[in-house]
Amino acid sequence: MPETMLAGRLDVRTRAFAVEEVPKPAPGPGEVLVRVAAAGICLSDVHLIEGQLSPLFLAGGAVTLGHEVAGTVAELGDGVTGWTEGQPVLLQAGEEKDGWVHTRGVDYDGGWAEYALATVGTLVPVPDGMPLEQACIVPDAVSTPWASIVRTAGVRAGQPVGVWGIGGLGAHAVQLLRLAGAAPIVAVDPVPAARERALAFGADLALDPADDVAARVRELTGGAGLAYAFDFAGVAPVREQAVRTLERDGALVLVGLTDQPLAIRNGTQFSYFGQRVLGHYGSEPGHVQELVSLVRHGRLDLSRSISGTLPLTEAARGVEMLARKEGDPIRLVITP
């Protein structure tokens, strides 16, 4: 009989999720089998289960969830060199196939399992001393805000910025904007604990969206406004509020995902001041490698990012906790 393992599987036709016993995969040529030690629970996983998101390239009707994955090399496929069994690694959240990016845990099996398959090019070595619970969240939870800052926006030192939504990605955005030299940094979130977190992570000012945010931003920036307003909430009213805080040539950066329409209430003013809307999605492999280097050299500390861990058998409970924002988590992590 073939070996089996536990995996958190989603039937994308019925949206039924369950942890079940499945065959343990074997690595083919150019592949590596990874013993999973930690896998993050992302809001995208919640959206997949609830039906707001659907795979584009999935072959079949079910998939093992989990695109934030770290563990140790368990077995090497034919032709794989440069890696050793037991070596700690994290996995890129996706890879390009036939000219399109396929996402791990969405378009093919991910890491909510005891073992995960990965093509060798998606492995990234984990620095000595970095816990795998922290390493697993670098792809997406940390790399998506980092890419939005350095690639899509191109934030320069001294530029005023705002972050709306201080959850799993927004909290890291505040930390990374501070690292990039943005100043001042304004954080906006309706949850008091999230505002306190933003200040702890490096924000200069934390506001409730019920406040007169535009007036407070103008006061802080000497009337100029923000060079970039990052929306990590994906909520239409947030975007409308953020636009009103922009300076001349400023940009709204859309990172949080939503299919709700975006309304620019004063389009003439928006055009007159040369303001922009920039869409952003995910990150590239190089961004993950940059972040690992920042961790390795002591520039980035992710020790505050893990809000809790759960065994694989309680994955559904973790999804529920994130969906309900129980404890206002940054990242919950499954430890198979």
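Positions within a chain are numbered from 1, following the residues in the order the chain's sequence is written. Under the rules for a predicted model, residues below a pLDDT of 70 receive no local features and side-chain atom pairs below 80 are neither given nor counted, while totals for whole chains, interfaces and linings still include all residues. Where side-chain values are given, they derive from all heavy atoms of the structure, hydrogens and water being excluded.

Brief notes about the pattern of salt bridges
Logical step 1: By definition here, a salt bridge exists when the distance from a side-chain nitrogen of Lys or Arg to a carboxyl oxygen of Asp or Glu is within 4 Å. For the structure on display, the rule yields 13 salt bridges.
Logical step 2: With a closest N to O distance of 3.1 Å, glutamate 320 and arginine 324 form a salt bridge.
Logical step 3: One salt-bridge network, held together by shared partners, links Arg317, Glu320, Arg324 and Glu326.

Some remarks on the sheet that holds strand β2 (residues 16-23)
Logical step 1: The criterion for strand pairing is that DSSP finds at least two bridges linking the strands in question. Strands are runs of DSSP state E lasting at least two residues, helices are runs of H or I lasting at least four, and both sets are numbered from the N terminus onward. Reading across the sheet, the three strands line up as β2-β1-β4 and stay open at both edges, with antiparallel pairing between neighbours. Each edge of the open sheet carries a strand with a single partner, namely β2 and β4 (62-64). For this sheet, the mean inter-axis angle between neighbouring strands, taken without regard to orientation, is 40°.
Logical step 2: Pairing of strand β1 (residues 4-11) with β4, which is carried by three bridges, proceeds in the antiparallel orientation. Its bridge partner lying in β4, aspartate 11 is registered against alanine 62. Where helices are involved, their axes are fitted lines through C-alpha atoms of the stretch in contact, as for all axes, and angles between N-to-C directions lie from 0 to 180°.

Brief notes about the sheet that holds strand β11 (residues 161-164)
Logical step 1: The strand order across the open sheet formed by six strands is β13-β12-β11-β14-β15-β16, and the pairing between neighbours is parallel. Pairing within the sheet leaves two strands with one partner each, and these edge strands are β13 (205-207) and β16 (276-279). Across the sheet, the mean angle from the axis of one strand to that of its neighbour is 20°, orientation sign disregarded.
Logical step 2: In terms of strand pairing, β11 meets strand β12 (residues 185-188) through four bridges, oriented parallel. By the bridge assignment for β12, tryptophan 164 is matched with valine 188.
Logical step 3: Throughout, a contact is declared for two residues whenever any of their heavy atoms are within 4.5 Å. Each of β11, β12, β13, β14 (226-231) and β15 (246-254) is contacted by helix α6 (residues 213-220), which is oriented at about 170° to β13, the strand it contacts most.

Quick notes on the packing of aromatic side chains
Logical step 1: Think of it this way: a Phe, Tyr or Trp ring, Trp meaning its six-membered ring, pairs with another when their centres are within 6.5 Å, and the plane angle makes it stacked under 30 degrees, edge-to-face over 60, tilted otherwise. Scanning the model with the defined rule gives five aromatic pairs in all.
Logical step 2: Ring geometry for phenylalanine 17 versus tryptophan 112: centroids 5.7 Å apart, planes at 85°, classification edge-to-face. Note that phenylalanine 17 is positioned in strand β2 and tryptophan 112 in the loop between β8 (100-103) and β9 (115-119), a separation of 95 residues in sequence.
Logical step 3: Ring geometry for tyrosine 228 against phenylalanine 230: centres 6.3 Å apart, planes inclined by 40°, an arrangement best described as tilted. Pair check on accessibility: tyrosine 228 and phenylalanine 230 agree, each one buried.
Logical step 4: Members of the aromatic cluster, each reached through a chain of ring pairs, are Tyr228, Phe230 and Phe232.
Logical step 5: It is lysine 97 that lies over the ring of tyrosine 108; its NZ or CZ is 4.2 Å from the centre.
Logical step 6: The ring of phenylalanine 201 carries the charged tip of arginine 304 above its face, separated from the ring centre by 4.2 Å. Whether a residue is buried, partly exposed or exposed follows from its accessible area with a 1.4 Å probe, protein chains only, as a fraction of its type maximum: under 20%, in between, or over 50%, in that order. Here, a charge over a ring is recorded when the distance from Lys NZ or Arg CZ to the ring centre is within 6 Å and its angle to the ring normal is within 35 degrees.

Take it as geometry only, folks, not as evidence of what the structure does.
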